[in-house]
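Listed below, chain by chain, are the residues.
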Amino acid sequence: MSQQDDLFKNIVSHCKEYGFIFPSSEIYDGLGAVYDYGPYGIELKKNIQDFWWKAMVQLHENIVGLDSAIFMHPTTWKASGHVDAFNDPLIDNKDSKKRYRADVLIEDVVEKYRQKNDKEVEKAQKRFGDAFDEAQFRATNPNILRNQAKMDEIETRFKAALEAGDMAEIKQIIEDLEIACSVSGTRNWTEVRQFNLMFSTQLGSVADESSTIYLRPETAQGIFVNFLNVLNTSRQRIPFGIAQVGKAFRNEIVARQFIFRTREFEQMEMQFFVRPGEEMQWYNYWKDSRMKWHRALGFGADKLRFHDHLKTAHYANAAVDIEFDYPFGFKEMEGIHSRTDYDLTQHEKHSGKKLRYFDPEINEHYVPYVVETSVGLNRTFLAVLCNSYKEETLENGESRVVLALPAFLAPIKVGVLPLMKKDGLPEKAREVMSLLKFDHQLFYDEKDSIGKRYRRQDALGTPYCITIDHQTLEDNTVTLRDRDTMAQERVSIDTLEAIVGKKVGWKHLL
RNA sequence: GCGGAAGUAGCUCAGCUGGUAGAGCGUCAGCCUUCCAAGCUGAAUGUCGCGAGUUCGAAUCUCGUCUUCCGCUCCA
């Protein structure tokens, strides 16, 4: 574990030292869990984003793009459920110092009653055998009815308290239910405090005329509210998808682990609209398709896994995560959800607009079902970094730090290096630059020994270096050095465009 | 929010019982050099996280505060 910690520390240091990621506002001591992307970080992030966009939009005739605003009408978040669900009432046990979600504590009690009832049903089933009618049993058994009444009472009371925002009442419920902390075993609780995970701000500059609006906590809703606009203008027919990359904001209680969990983050989302009843087939399709995409980023099979959600969110009927094996363990990188017609139906209710599709094949109107793929750009960035950062020991005993990035993701594609900065070699190198610079991000370097320059490019993840030497002046050939094998081949300058273009392309990956 | 650890150059860190701020690597300039962090010369870079206190004198002692990391808590 400590070795993993060290590795992760080194990756974080490497990010800062080589211009990938800086702590935000660092001259003012930084801002907690906010990061800026430096010269090479932005290139890498952009390349990951482009690769996603191409894989989704460019390679699918039936997926179109969108860039919706971060600010949205406040009712959006009522409709989506975020105003309710993103408000967590928290409570601390004073003895164990453990913090709990008050709603989870209360729901655990409800769950216990539910389990009791299930046991009753099980027992009865054994007793009655095939003749057993579960529905009838549940409707008549006095034990079950008593428990059910208890559950209903708790839930009704809790719901009312939540809606009224009555934190004192929620604490009272916890006390009345005699809930104890599982660690200390005591019932010595603090007051219940409300945490809103959405950032709010004012729209309108005059305070009393302004209204509270939220920074979007997910990009998905921008897609749903534009469903009709896109449908009416893109000539798409179901099944089709809308893709979007953008920032989202969540006021996490704890933001940790470098760029893994931050309060401001970037999502790459695609909402795929399908005929009701066909959602599971598409859910499975996207599960496979998205896993292939992650594999194309160079992640080995052992680094990725699916993690099924046992308990799905309020909007979904199936959910799975694609997890990556970060130095701090397997963690979610992407979520794939079957969101049913929840979102569109909610927006219908709140907006009064019909969000339907007329399906000419079956001659029916319906609210489409939605399969969502939502991947964290920053999390993917971190995974790519963790996967490619290597501290190698070479045959001669020296060590080198190399970012073994897939070539198509590398911030710099080619380092152009004159062997020496005299004899016309720099001039010749500039010629090579002008040949390649329209297609690729290049880096010119003539300082220090050639070995040192190679190592500098290794640390940035540059997959290829072109070295111009004296022979170049004679026969117009250069050496092309491979980052991973450190092997060199001599090629003609005339063939460079084709060779490099092929090596850093992504055509063969998907 | 709780507990633990840490904040000194771009990075990694040293700096004793208080006495003018250091190393390695990196960066920059020059010399040398015909392919994997070579060598030589020179240079830049620090309110020692911040603020108070003790003291003739604080990177060092005391208190406060901020930030980061680890664990807990939370996580659509």
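Scroll up to find the structure this text is about.
Residues numbered from 1 in each chain as written. Chains lettered and ligands numbered in written order. Predicted model: local features only at pLDDT ≥ 70, side-chain atom pairs only at ≥ 80, totals over all residues. Heavy atoms only, no water.

1. Overview of the nonpolar core
Here comes step 1: The biggest cluster of nonpolar side chains holds 59 residues, and the ones touching the most others in it are Phe-20, Leu-44, Ile-48, Trp-52, Tyr-326, Phe-381 and Leu-382.
Here comes step 2: In terms of residues, this core owes the most to one element, helix H2 (residues 39–58), which gives eight residues.
Here comes step 3: Ignoring any residue separated from it by four or fewer positions in sequence, one finds Trp-52 in contact with Ala-243, Gln-244, Val-245, Met-268, Glu-269, Met-270, Arg-290, Trp-293 and Val-375. (Core = buried A, V, L, I, M, F, W, Y, C linked by side-chain atoms within 4.5 Å. Buried < 20%, exposed > 50% of the residue type's maximum accessible area, 1.4 Å probe, protein only. Helix = DSSP H or I, 4+ residues; strand = E, 2+ residues; numbered from the N terminus. Contact = heavy atoms within 4.5 Å.)

2. Some remarks on a nonpolar patch on the surface
Here comes step 1: Judged by side-chain polarity, Ile-70, Phe-71 and Leu-203 come together as a nonpolar surface patch covering roughly 270 Å² of accessible area.
Here comes step 2: Turning to its location among the elements, Ile-70 is positioned in the loop between strand S3 (63–65) and helix H3 (75–80).
Here comes step 3: Accessibility expressed as a relative area gives 31% for Ile-70, which makes it partly exposed. (Patch = residues over 30% accessible without salt bridge, like charges linked within 9 Å, V, L, I, M, F, W, Y side chains within 5 Å. Areas by Shrake-Rupley, 256 points an atom, 1.4 Å probe, with all protein chains shown as cover. Salt bridge = Lys/Arg side-chain N within 4 Å of Asp/Glu carboxyl O.)

3. What about the side chain of Ser-80?
Here comes step 1: Position of Ser-80 relative to the elements: it lies in helix H3.
Here comes step 2: Classification of Ser-80 as buried rests on a relative accessible area of 2%.
Here comes step 3: In this structure the side chain of Ser-80 is engaged in a polar contact, spanning 3.3 Å, whose partner is the backbone oxygen of Trp-77.
Here comes step 4: Here the side chain of Ser-80 touches His-82 through a polar contact of 2.6 Å, side chain to side chain. (Polar contact = N/O pair within 3.5 Å; in protein donor to acceptor, adjacent residues only side chain to side chain.)

4. Observations regarding the packing of H2 against helix H13 (residues 377–388)
Here comes step 1: Direction vectors running N to C along H2 and H13 enclose 110 degrees, while the axes themselves pass 10 Å from each other. By the angle between their directions, the pair H2 and H13 is classed as roughly perpendicular. Here the hand of the crossing between H2 and H13 comes out right-handed. Mapping the contact onto sequence places Gly-41, Leu-44, Lys-45, Ile-48 and Gln-49 in H2 and Leu-377, Thr-380, Phe-381, Val-384 and Leu-385 in H13.
Here comes step 2: Residue composition of the contact of H2 with H13, by class: six nonpolar, three polar and one charged. (Axes fitted to C-alpha atoms, helices over the stretch in contact; angles between N-to-C directions. Parallel < 35°, antiparallel > 145°, perpendicular 65-115°, else oblique. Left-handed = near helix turned anticlockwise from the far one by under 90°. Nonpolar A, V, L, I, M, F, W, Y, C, P; charged D, E, K, R; others polar.)

5. Points about the sheet that holds strand S11 (residues 304–308)
Here comes step 1: Strand order in the open sheet formed by seven strands is S3-S9-S10-S16-S13-S12-S11, and the pairing between neighbours is mixed. Either end of the sheet is taken by a strand with one partner, and the two such strands are S3 and S11. Each neighbouring strand pair of the sheet contributes to a mean axis angle of 25 degrees, computed without reference to strand direction.
Here comes step 2: By the bridge criterion, 10 bridges tie strand S9 (residues 240–249) to strand S10 (residues 264–274) in an arrangement that is antiparallel. Bridging from a neighbouring strand, Gln-244 pairs with Glu-269 of S10. (Pairing = 2+ DSSP bridges.)

6. Some remarks on the layout of surface pockets
Here comes step 1: Size it by volume and the second largest pocket reaches roughly 350 Å³.
Here comes step 2: Lining the second largest pocket are 16 residues, and of these Leu-105, Asp-108, Val-109, Lys-112 and Ile-179 lie nearest its centre.
Here comes step 3: A per-element tally of the lining of the second largest pocket places helix H5 (residues 102–128) first, with eight residues.
Here comes step 4: Partitioned by chemical class, the residues of the lining of the second largest pocket number eight nonpolar, two polar and six charged. (1 Å grid on protein atoms, 1.4 Å probe; cavity = no way out; pocket = protein on both sides within 12 Å on 5 of 7 lines; lining within 4 Å. Points joined across faces, edges and corners; volume = space filled by probe spheres on them.)

7. Regarding a negative patch on the surface
Here comes step 1: Taken together, the side chains of Glu-107, Asp-108, Asp-152 and Glu-155 define an acidic patch exposed on the protein surface.
Here comes step 2: Those elements that provide at least two residues to the negative patch are H5 and helix H7 (142–164).
Here comes step 3: Residue classification places Asp-108 among the partly exposed residues on the basis of a relative accessible area of 42%. (Lys, Arg positive; Asp, Glu negative; His and termini not counted. Charge placed at Lys NZ, Arg CZ, Asp CG, Glu CD.)

8. A short note on unusual backbone geometry
Here comes step 1: With an omega of 5 degrees, the peptide bond running from Ile-238 to Pro-239 counts as cis.
Here comes step 2: Along the chain, the position of Pro-239 falls in the loop between helix H10 (227–234) and S9.
Here comes step 3: Residue Arg-235 is not a glycine yet carries a positive backbone phi of 60 degrees.
Here comes step 4: Here Arg-235 lies in the loop between H10 and S9.
Here comes step 5: Residue classification places Arg-235 among the exposed positions, given a relative accessible area of 79%.

9. Some details on the side chain of Glu-323
Here comes step 1: Position of Glu-323 among the secondary structure elements: in strand S12 (residues 318–326).
Here comes step 2: Among all residues touching Glu-323, those that are not within four sequence positions of it are Lys-303, Leu-304, Arg-305, His-307, Phe-330, Lys-331, Glu-332 and Met-333.

10. Some details on the packing of aromatic side chains
Here comes step 1: A complete count under the given rule lists 23 aromatic pairs for this structure.
Here comes step 2: Here Phe-8 and Phe-328 contribute two aromatic rings whose centre-to-centre distance is 5.2 Å and whose plane-to-plane angle is 75 degrees, an arrangement assigned as edge-to-face. Here Phe-328 lies in the loop between S12 and strand S13 (329–340) and Phe-8 lies in helix H1 (residues 2–17), a separation of 320 residues in the sequence.
Here comes step 3: Owing to a relative accessible area of 13%, Phe-8 belongs among the buried residues under this scheme.
Here comes step 4: On the basis of relative accessibility, which here comes to 16%, the residue Phe-328 falls in the buried class.
Here comes step 5: On the numbers, 4.7 Å between centres and 45 degrees between planes, the contact of Phe-227 with Phe-273 is tilted. Here Phe-273 lies in strand S10 and Phe-227 lies in helix H10, a separation of 46 residues in the sequence. In this structure, Phe-227 and Phe-273 share a single accessibility class: buried.
Here comes step 6: Within the aromatic cluster, the residues linked to one another by ring pairs are Phe-8, Tyr-35, Phe-258, Phe-260, Phe-299, Phe-324, Tyr-326 and Phe-328.
Here comes step 7: Lying over the aromatic face of Tyr-37, Lys-45 brings its terminal NZ or CZ to 4.9 Å of the ring centre.
Here comes step 8: Seen from the ring of Tyr-444, Arg-430 lies directly overhead, with NZ or CZ sitting 3.7 Å from the centre. (Phe/Tyr/Trp six-rings, centres within 6.5 Å; stacked < 30°, edge-to-face > 60°. Lys NZ or Arg CZ within 6 Å of the ring centre and 35° of its normal.)

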